[in-house]
Amino acid sequence: MGTCCPVSKWCTISVVLALVSVATIVTLWTLSLTGNDASPPPWTSYRLPTTLMPLQYNVTLWPRLTPDPNGLYLFTGNSTVEFECVEETDLILIHSNRLNYTVPENKHLGVVSAPDGVFVPGVRSSWLEGSTQYLVLQLYSKLARGQRYRLYTAFTGELADDLAGFYRSEYSEDGLKKIVATSQMHPTHARKTFPCFDEPAMKAVFHITLIHPRGTTALSNGLETNITDTRINGVDVTRTTFEPTKSMSSYLLALVVCDYSHLMAQQGDTLIRIWARRRAIEEGHGDYALSLTGPILNFFQEYYNITYPLSKSDQIALPDFYFGAMENWGLVTYRETNLLYDPLTSSNRNRETTATIIAHELAHMWFGNLVTLKWWNEVWLNEGFASYVAYLGADKAEPSWNVKDLIVLDDIHRVFAVDALASSHPLSSPEDSIVLPHQIGEQFDAISYSKGAAVLRMLSDMLSEKVFVQGLSSYLNHFAYGNTVGTDLWEHLQMAVKLNGVVLPGTVQDIMNRWVLQMGFPVVTVDTTTGTVSQEHFLLGPEPNLTSPYNYEWLIPIRWMKSNEVQKDPWWLMKNTEVNIDMKTAGDEWVLANINVTGYYRVHYDQGNWDKLISQLRADHQAIPLINRAQLVDDAFNLARADIVPSTQALQTTVYLSAEREYIPWQSALNNMQYYYLMLDRTDVYGPMQDYMRSLVTPLYLHFNATSGWTNVPEGHTDQYNQVNAVRLACSTGLKECQNLTTSLFRQWMDNATHNTIHPNLRSAMYCSAVAAGGAAEWEFGWYQFKNATLASDASQLLSALTCTMNKTLLERFLSYTLQPAMIRKQDATAIITSIASNREGHGLAWDFVSDNWNYIFTQYGVGSFNFAALISGVTTRFSTMAELQQLVEFKQKHAATGFGSAELALEQAFERTKANILWLQQNKYDVLQWFSNQTLPHQHRTV
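Residues numbered from 1 in each chain as written. Predicted model: local features only at pLDDT ≥ 70, side-chain atom pairs only at ≥ 80, totals over all residues. Heavy atoms only, no water.

Colleague: Tell me about the packing of helix α9 (residues 446–463) against helix α11 (residues 486–500), and name the residues and values.
Modeller: Across the interface, α9 lies against α11 with an axial gap of 12 Å and an inter-helix angle of 20°. Taken together, α9 and α11 sit at an angle that is classed as roughly parallel. Along this stretch, α9 crosses α11, giving a crossing that reads as right-handed. Contacts between α9 and α11 involve L456, L459 and L463 on the former and, on the latter, W490, L493 and V497. (Axes fitted to C-alpha atoms, helices over the stretch in contact; angles between N-to-C directions. Helix = DSSP H or I, 4+ residues; strand = E, 2+ residues; numbered from the N terminus. Parallel < 35°, antiparallel > 145°, perpendicular 65-115°, else oblique. Left-handed = near helix turned anticlockwise from the far one by under 90°. Contact = heavy atoms within 4.5 Å.)

Below is the structure:
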């Protein structure tokens, strides 16, 4: 390891003295550099200058899997980066964060050299610029343009449990505590592991060596090329070297040292391995992931028309991981719940999650890794694309699921709720507006993932999948191993449009700019009495003074049908208002627009057409396509929230559900009724609303009771989901048969803890019902089972159920556990707090907890532990009174000095949402109460 050393008193003193000694030099040199020029010095900018371009790194790291005498887990390392001087400069800026450097003989933090005996300027001064996270080296003279140079550094870092950079994860196996050294470099944490040019456009080849304890396994992006036992500083270790990576961005680097086992298979020339805890592999929990990976990789090779470019595809399940998964090129990292599946105890929801997340991450191997966006302002194109094609990959692996339809519920409807706020943002932002680390973090939101997926799905539909894929393949081949901007994709799609003679109302870029460069989406209004079709920007709250380069007008492809006849080609709405005489109706005819929700917009109709559609739902709902039944419900409820239609009209779209058995419309209704529960379950509307929902769900509950019972599940994938909905809603609305069932089955499990007869699909719903109906005994039993769960998906179900208790003392205790990593893993804390906030007994407790502990959470836990945006959004989702709005004001004032990081936008959205909720309650509460009170209740006798 050369001069690498652990952090010690002498090492720390040497660094401090070195830094102090250069302080005066730096100050004088800064004045000399800037002179009378007011422009700030380069190291105050968060963006790297373009003077240097990395070519390759040689990095050696040695993580210590046991603590030092001070109780710290450390890693030591050294790095040599070779770079080319693109423009003459006497300044080397390279990212570095939380690293302590070993000072070599030149008394500077790094050594500059060059191959072939080329002259190398000496280092005048060097220092760490903490605010912008740079290691700075000022030279006596300039580097020569076109010449290659090398920078060597030796350093020490902490292998902390903060889930960022090179970090540690812990788990217990066979009564022993085990440590995993693993990594999360994305988006800006590679600099926390070794000094690097940590921007996506700064691609390079990485030569990695890991030194690790004997008996452990080391993994990285490339295949292991040499594994040698050796002895360093009196310690027996293993040195593992890996094949060089392809040229790639620093955020895609992955490092793991573990005591794991694996499964393997060969797909053509590609080695596929699934890594996990030894017991998980032995019990077959990685089998499903292994069976999926080959077919999904093969699908994407054919879809992109490009061979998978690496020699191996490793996927690893980690006990502690901030994101759901990370697409590191050649070594994809996952939360255990997202990669491991046990057919005996995991639900079909777990199975779908595994399939779609694997597909999402493998899609990135080409789109994102092979071709990478230049900067984070266009994250949406990377994540939106992977989110869209994940459904295609999962559909290939599990064709009987019809999983492609679920994008409407899981992405489109989900993101509509956020994108209808005035505090939303465009998919793409100006490059210079996204520079700070927390601004980069904010880009990874529902807009980027879900709106991105929705808009690309719409684009594929308007071009045809054949043309879309042809343009995509051209784009990937042309820019392989390089970086792009969003317009590059539009140009290649336009070439495919031209080659295939596709007729569009404008270029691909003209059409897409309106969807990408302005926030929000339109509501299309169809007046079937005249054939007039119009568009306007859809907002849930009062429209503020918003501006857009396109005046909030879109070029909109409208697929539509008249009664039972689907129109073959889309009709384009090009202006604010146009007339399509074919949309004029007579008699009982009705018009339905946005067939299968291929377009990213909502639809409103004249009252007569609304009445006909609602009548059609009640008379024969199957005359309306499945996805559009869900669309009618979702559009009506959100039009009502925007005060475009009465709330009672939205509620009318749910009446037909007593005859509906399909999952997608039911889930759409439940998603929208959740808003009513959030707003009204603390008011006198709650009782009549519960009565109505119980009446509505009883036929569905009885249907599954008769066809499947509760020890079996239906055959269909989404039918299994709807069986869960039937149990959850029937129990939560007080259906006696359901509550007796769940209480009895949970009690049987408590009496015989080794024998759980509840079907895995139904456990989450039944656990929640039993814990809510029970007391301390049920909660304590659930907690014990959680602490002893060996499968992550089992633990996740139990954690969720424990938030369902109505006992405030238990909820307060559970909240306190989220700040105790020994009780609750940091990765789970946000989900627990927001789930408690959704509990009508826990919402106030969760808000007070976050408000009281914000400084501690924000400063001590950091971005790798809490999703701050989700946290703020989750604990404020019920806010609907002036008092709660004032609490938000006070929270913002109280913690202004601490800051909100990636939650800044979420906090602004919370203000906007709370104001809209207050107005909605004022305008709708009475009418909604009257509507629920006037509904017939044929199943009321079944209540508790």
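Don't stop here, the text continues.
Colleague: Tell me about the state of the cysteines, residues and numbers included.
Modeller: Throughout the structure, instances matching the rule amount to 2 disulfides. Sulfur-sulfur distance for the disulfide between C731 and C738 comes to 1.9 Å. Judged by the sign of its S-S torsion, about -95°, the bond between C731 and C738 is left-handed. C738 matches C731 in its accessibility class, with the two residues each being buried. If the cysteines joined by disulfides in the chain are listed in sequence order, their pairing comes out as 1-2, 3-4. (Disulfide = S-S within 2.5 Å. Buried < 20%, exposed > 50% of the residue type's maximum accessible area, 1.4 Å probe, protein only.)

Colleague: Describe the packing of aromatic side chains, and please don't skip the residues or the numbers.
Modeller: Under the counting rule described, the total for this entry stands at 62 aromatic pairs. Relative to W749, the ring of F746 lies with its centre 5.7 Å away and its plane at 90°, an arrangement referred to as edge-to-face. Of this pair, F746 and W749 both sit in helix α19 (residues 736–751), 3 residues apart, which is roughly one turn of the helix. Each member of the pair, F746 as well as W749, carries the same accessibility label: buried. (Phe/Tyr/Trp six-rings, centres within 6.5 Å; stacked < 30°, edge-to-face > 60°.)

Colleague: Describe the packing of helix α3 (residues 287–304) against helix α5 (residues 348–363), with residues and values.
Modeller: Taken N-terminus to C-terminus, the directions of α3 and α5 make an angle of 40°; their axes are 10 Å apart at the nearest point. By the angle between their directions, the pair α3 and α5 is classed as oblique. As α3 packs across α5, the resulting crossing turns out to be right-handed. Touching Y288, A289, L292, T293, I296, L297, F300 and Y304 of α3 are R351, T354, A355, I358, A359, L362 and A363, all from α5.

Colleague: Report on the pattern of salt bridges, specifying residues and quantitative values.
Modeller: In total, this model carries 39 salt bridges according to the counting rule given. The closest approach of N and O atoms between R150 and E82, which form a salt bridge, is 3.4 Å. In this pair, R150 is assigned in strand β8 (residues 148–158) and E82 in strand β2 (residues 74–85), connecting sequence segments 68 residues apart. A salt bridge links E431 to K374; the nearest nitrogen and oxygen atoms lie 3.9 Å apart. A residue pair is termed long-range when its members are at least 10 positions apart, and E431 in the loop between α7 (407–419) and α8 (437–442) and K374 in the loop between β21 (372–373) and α6 (379–397) qualify at 57 residues. (Salt bridge = Lys/Arg side-chain N within 4 Å of Asp/Glu carboxyl O.)

Colleague: Can you explain helix α22 (residues 792–802)? Please cite residues and give values.
Modeller: In terms of burial, α22 is a largely internal element, 9 of the 11 residues being buried. Three or more residues of α22 are buried, namely A792, S793, D794, A795, Q797, L798, L799, A801 and L802.

Colleague: Lay out the side chain of S126 with the relevant residues and their values.
Modeller: Among the structural elements, S126 can be located in strand β6 (residues 123–129). Reaching out from S126, the side chain makes a polar contact with the side chain of H108 at a distance of 3.3 Å. A distance of 3.0 Å separates the side chain of S126 from the backbone nitrogen of L109, its partner in a polar contact. (Polar contact = N/O pair within 3.5 Å; in protein donor to acceptor, adjacent residues only side chain to side chain.)

Colleague: Give a detailed account of the pairing of strand β9 (residues 165–173), specifying residues and quantitative values.
Modeller: Counted residue by residue, β9 has 7 buried out of 9 residues, so it is predominantly covered. Bridge count for β9 against strand β10 (residues 176–184) is 9 bridges, and the pairing is antiparallel. Note on β10: the bridge partner recorded for F166 is S183. Here β9 folds back onto β10, and the loop between the two strands holds 2 residues, one of which, D174, carries a positive phi near 55°. (Pairing = 2+ DSSP bridges.)

Colleague: Which residues make up the sheet that holds strand β26 (residues 560–562), and what are the values?
Modeller: If you walk across this open sheet you meet the 3 strands as β27-β26-β30, and the pairing is antiparallel. Two strands bound the open sheet, and with one partner strand each, they are β27 (565–566) and β30 (591–593). Across 3 bridges, the pairing between β26 and β30 is antiparallel. If you follow M561 over to β30, its bridge partner there is L592.

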